[in-house]
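Structural description and commentary
Here is how the chains run, residue by residue.
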Amino acid sequence: MKAYRRESPEENFTLSENATVPIPQAGEALIKVLRAGICATDLEIIKGYKNGRVGTLGHEFVGKIVKINGFSDKFVVGTRVVAEINICCDKASISRCRTCQKEGNSN
């Protein structure tokens, strides 16, 4: 897969043509990214304002599920999804994030 990433804080971001495709763990899904947005945070990282960040740019994206590891009663392979990975659940402490609490969902 292609990814614009930085492996360590000392490196610049580069386009990787052969980035490793992750294997979904139990209860996770693998999403093929169809389109990704570059937001203001990504631009700040590229310009060096948020030094030390590593990983892949483009955390706001749309894609489709290509693999599900385990049972899901909400999703099937082929489902189109959107994601914003800066919103996450703090499973370690309260088992429900503020977004889940507000919407009545659980992890």
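Here the structure is shown first, and the text comes after it.
Description of the structure in this document. Numbering of residues starts from 1 in each chain and follows the order in which that chain's sequence is written. Reporting of local features is limited, given that this is a predicted model, to residues whose pLDDT is at least 70; pairs of side-chain atoms are given and counted only at 80 or more, and all residues count toward the totals for whole chains, interfaces and linings. Side-chain metrics in this entry use all non-hydrogen atoms of the structure; hydrogen atoms and water are not considered.

**Remarks on the overall build of the protein chain**
Within the protein chain, the secondary structure is distributed over two helices and six strands. Only DSSP runs of H or I reaching four residues or more are called helices, and only runs of E reaching two or more are called strands; each is numbered from the N terminus. If you list the helices and strands of the protein chain from N to C, you get β-β-β-α-β-β-β-α. Burial statistics for the protein chain: of 107 residues in total, 19% are counted as buried. The contact rule is simple, with two residues in contact once any of their heavy atoms fall within 4.5 Å. Partitioning the contacts of the protein chain with sequence separation of at least 6, the portion at a separation of at least 24 is 43%. For the protein chain, the accessible area works out to roughly 8,200 Å², and carbon and sulfur atoms hold 51% of it. The cut-offs for exposure are 20% and 50% of the maximum accessible area for each residue type, with area from a 1.4 Å probe on protein chains only; residues under the lower value are buried, those over the upper are exposed, and the others partly exposed. Note on areas: Shrake-Rupley, 1.4 Å probe, and residue coverage restricted to the protein chains presented here.

**Some thoughts on the pairing of strand E1 (residues 3–6)**
Two faces belong to every sheet, and in a regular strand the side chains alternate between them. Strand pairing requires that DSSP identify at least two bridges connecting the strands. In the sheet, E1 pairs with strand E2 (residues 14–16) via three bridges, with the strands oriented antiparallel. Note on E2: the bridge partner recorded for Arg5 is Thr14. Pairing geometry for E1 and strand E4 (residues 55–56), over two bridges, is antiparallel. Within E4, the residue paired with Arg5 across the bridge is Thr56.

**Digging into the side chain of Asp42**
Relative to the assigned elements, Asp42 resides in helix H1 (residues 40–47). Taking relative accessible area as the criterion, Asp42 reaches 2% and is therefore assigned buried. Not counting residues up to four positions away in its chain, the partners in contact with Asp42 are Gly37, Leu57, Gly58 and His59.

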